[in-house]
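So the chains spell out like this:
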Amino acid sequence: MVGQNILFVSAENGLIVRDQAGKNANRIGKFDYAEAVEVLEKVDVYIEIIDDGETINGQWYKVTGKSIEHETLTGYVFSGFLTKTTLKETVEFVTNNDDADYWFISAKKNDSIQAYYYHIEMDKTYLRGDLIDIIWKKKTLIEAGDEDITHDVKWIVSTNKNKDGNVSMFRKQYPNKLQHDTKTGNYVLTSSNKIYLDTEYYIANTTNKELKNALNKAQNVFFSVEDRHWNDKAYTAIHIYHWLNTTQSTLQWLFIAQETGRIYEYYELTDSLKEFK
C-alpha cells in the first residue's frame, strides 16, 4: 500500500463495500473497524447521511483492503467513515493500571510511554515487553471530581498479542525457576505483584552472565525483598541469589526507587547505582 493513499475505517460497526458507487449498488463485503484501506479512485458522487443524529458528508471512494473474512476486497465505500488517523497500533506492553478512576494500560511506542484507557475485561496474561495490537477509538473523559475538565484519550476497543516479549519467553523457558524467599523481609508476593514483575523483567532482560549461567544450569534463582535508604532516598532492595551447595551466592542486588519505580543495579564494591533500561 502507498502510504499517502492509506485511510482507516472509523465506522465502529464496520464499513460496507459495494460493487459500484451508489447506495443501491450490490453489497460485496465489509471492512472491519480500524482496518487500513488503500484509496484507488475518488468518484465525483457526493452524498449526505445521518448517523446517530449526526450529519456526515462524503463521496464514494474506490478502495482495496482486507475484508472481515481476511480476504482481499476491492470496491466502493462512503468516504465519511474513513479517517487519516491510525486507529490500530502495535505497542510494547508495560503495565496494567486498574486502581485509578479510569483504568488504562501503559505501553511503549517509539520510545515514549502512552496510555490506552478501557472499561472492558483486559487480558491479564500480557507481560512487560510483549508486543500487542491495540484497536482504539477517540473518547472524551470527564475528570473525576471536576466535570468542567475533560481529556481526549485513546479508548481501547480490543487488544491482541502480536509477539511474546522476553518475560513471556522466560516463563516458558524457565517455569517456576524464580522463587521468592519469604523468610526474609515482610513482603508477600505473587506472580502478578509489581515487585515480582520488576524482578522477573530484570532477569529476563539482563546480560548478567553469572545469573544466566545459573538459569542454564537448571538452578533455581531466589530473591528476597527489604526496604532500604540510599543517599536519603527510599528504595525497595531486591537480593537475587542462588545456592552453591550450602552457600548462598549473590547474583545481583536491585534497588527500585519507591518514588519513581525506576530499576537500578546496585554495586556493593563501589556503593553505586546504575539505572537498568
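Just above, that's the structure.
Let me sum up the structure you'll find in this document. All values derive from a computational prediction rather than experimental measurement. (Residues numbered from 1 in each chain as written. Predicted model: local features only at pLDDT ≥ 70, side-chain atom pairs only at ≥ 80, totals over all residues. Heavy atoms only, no water.)

## Here's the deal with unusual backbone geometry
For clarity, the cut-off: Counting from the N terminus, the helices are the DSSP runs of H or I reaching at least four residues and the strands are the DSSP runs of E reaching at least two.
The phi dihedral of Ala-34 is positive, around 75°, even though this residue is not glycine. Here Ala-34 is to be found in the loop between strand E3 (27-31) and strand E4 (36-51). With a phi close to 50°, Asn-231 is a non-glycine residue in the positive phi region. Of note, Asn-231 is situated in the loop between strand E14 (221-230) and strand E15 (233-244).

## Description of the nonpolar core
Keep this limit in mind: Residues belong to one nonpolar core when they are buried, are Ala, Val, Leu, Ile, Met, Phe, Trp, Tyr or Cys, and are joined through side-chain atoms within 4.5 Å. For every residue, the accessible area obtained with a 1.4 Å probe (protein chains only) is divided by the maximum for its type, and the residue is called buried under 20%, exposed over 50%, and partly exposed between those limits. Only heavy atoms matter for contacts: two residues are in contact if any of them lie within 4.5 Å across the pair.
If you look at the biggest cluster of nonpolar residues, it comprises 24 residues, and the most contacted ones within it are Ile-203, Val-221 and Ile-240. Among the elements of the structure, helix H1 (166-173), helix H2 (194-205), helix H3 (209-216), E14, E15 and strand E16 (247-257) are those that each provide at least two residues to this core. Ranked by the residues each element gives to this core, the list is headed by H2, at 6 residues. Not counting chain neighbours up to four residues away, the residues in contact with Val-221 comprise Lys-177, Leu-178, Gln-179, Ile-203, Ala-214, Leu-215, Ile-240, Tyr-241 and Leu-251. In terms of nonpolar packing, the next biggest core, distinct from the first, is built from 21 residues, Leu-7, Val-9, Ile-49 and Tyr-61 among them.

## As for the pairing of strand E12 (residues 150-163)
A regular strand places its side chains so that they alternate between the two faces of the sheet. Let me state the cut-off plainly: We call two strands paired when DSSP finds no fewer than two bridges between them.
Note that strand E10 (residues 112-117) and E12 share 2 bridges and pair parallel. Looking at E12, one finds that Tyr-117 is bridged to Trp-155. Looking at chain direction, strand E11 (residues 131-142) and E12 are connected through 12 bridges and run antiparallel. From the neighbouring strand, Ile-142 faces E12, where its bridge partner is Thr-150.

## Quick look at the side chain of Glu-200
Following the sequence through the fold, Glu-200 ends up in helix H2. Contact partners of Glu-200, with chain neighbours within four places excluded, come to Val-167, Phe-170, Arg-171 and Leu-178.

## Side note on the sheet that holds E15
The line we're drawing: Fitting a line to C-alpha atoms yields each axis, with helices limited to the stretch in contact; the angle taken between N-to-C directions then spans 0 to 180 degrees.
Judged by pairing direction, the sheet is mixed, and its 6 strands sit side by side in the order E13-E14-E15-E16-E17-E18 without closing on themselves. Whereas interior strands pair on both sides, the edge strands pair on one side only; in this sheet they are strand E13 (178-180) and strand E18 (272-275). Across this sheet, the average inter-strand angle for adjacent strands is 35°, counted without regard to direction. Of the strands in this sheet, E13, E14, E15, E16 and strand E17 (263-267) are in contact with H2, which crosses E15 at around 60°. The strands touched by H3 within the sheet are E14, E15 and E16, with E16 carrying the most contacts at an inclination of about 125°.

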